[in-house]
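# Tertiary structure, described
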Amino acid sequence: MDRTITLADAPRALRDIGTNVNYMTLWRRVIAGGIPAHRAEGKRQWLIQEADLPTIAKTLAEKA
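Residues numbered from 1 in each chain as written. Predicted model: local features only at pLDDT ≥ 70, side-chain atom pairs only at ≥ 80, totals over all residues. Heavy atoms only, no water.

Quick look at the sheet that holds strand β3 (residues 46-49) now. As summarised here, the arrangement of the three strands in space is β1-β3-β2, forming an open sheet in which the pairing is antiparallel. At either margin of the open sheet sits one strand with a lone partner, and together these are β1 (4-6) and β2 (38-39). Here three bridges tie β1 to β3, and the two strands are oriented antiparallel to one another. Paired with threonine 4 across the bridge in β3 is glutamine 49. (Pairing = 2+ DSSP bridges. Helix = DSSP H or I, 4+ residues; strand = E, 2+ residues; numbered from the N terminus.)

Below you can see the structure in the form of C-alpha cells.
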C-alpha cells in the first residue's frame, strides 16, 4: 500500500527535500488540479502520495 500524508503535512515534507511552499499555495494548486491529491474517504482532508513528493517539488520549481 502506498503511503500518504495530509496536505497540512506536505509543506514540511517538501521542505525536507528542498522545496519551500506554504500551505495555501499548495492547497490552491491541489484545488486547481495541478498537484495530484485525493480526498480521504469520508473526510474533508486532502491526501498526497509520498511517492509523488519529488514530482510535486519539480512542478513547483518549474512554476516559480
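We are not done yet, so read on.
Let us now look at the environment of threonine 59. Within the fold, threonine 59 resides in helix α3 (residues 53-63). Once the C-alpha coordinates of threonine 59 and glycine 34 are considered, the two residues, 25 residues apart in sequence, prove to be 8.5 Å apart.

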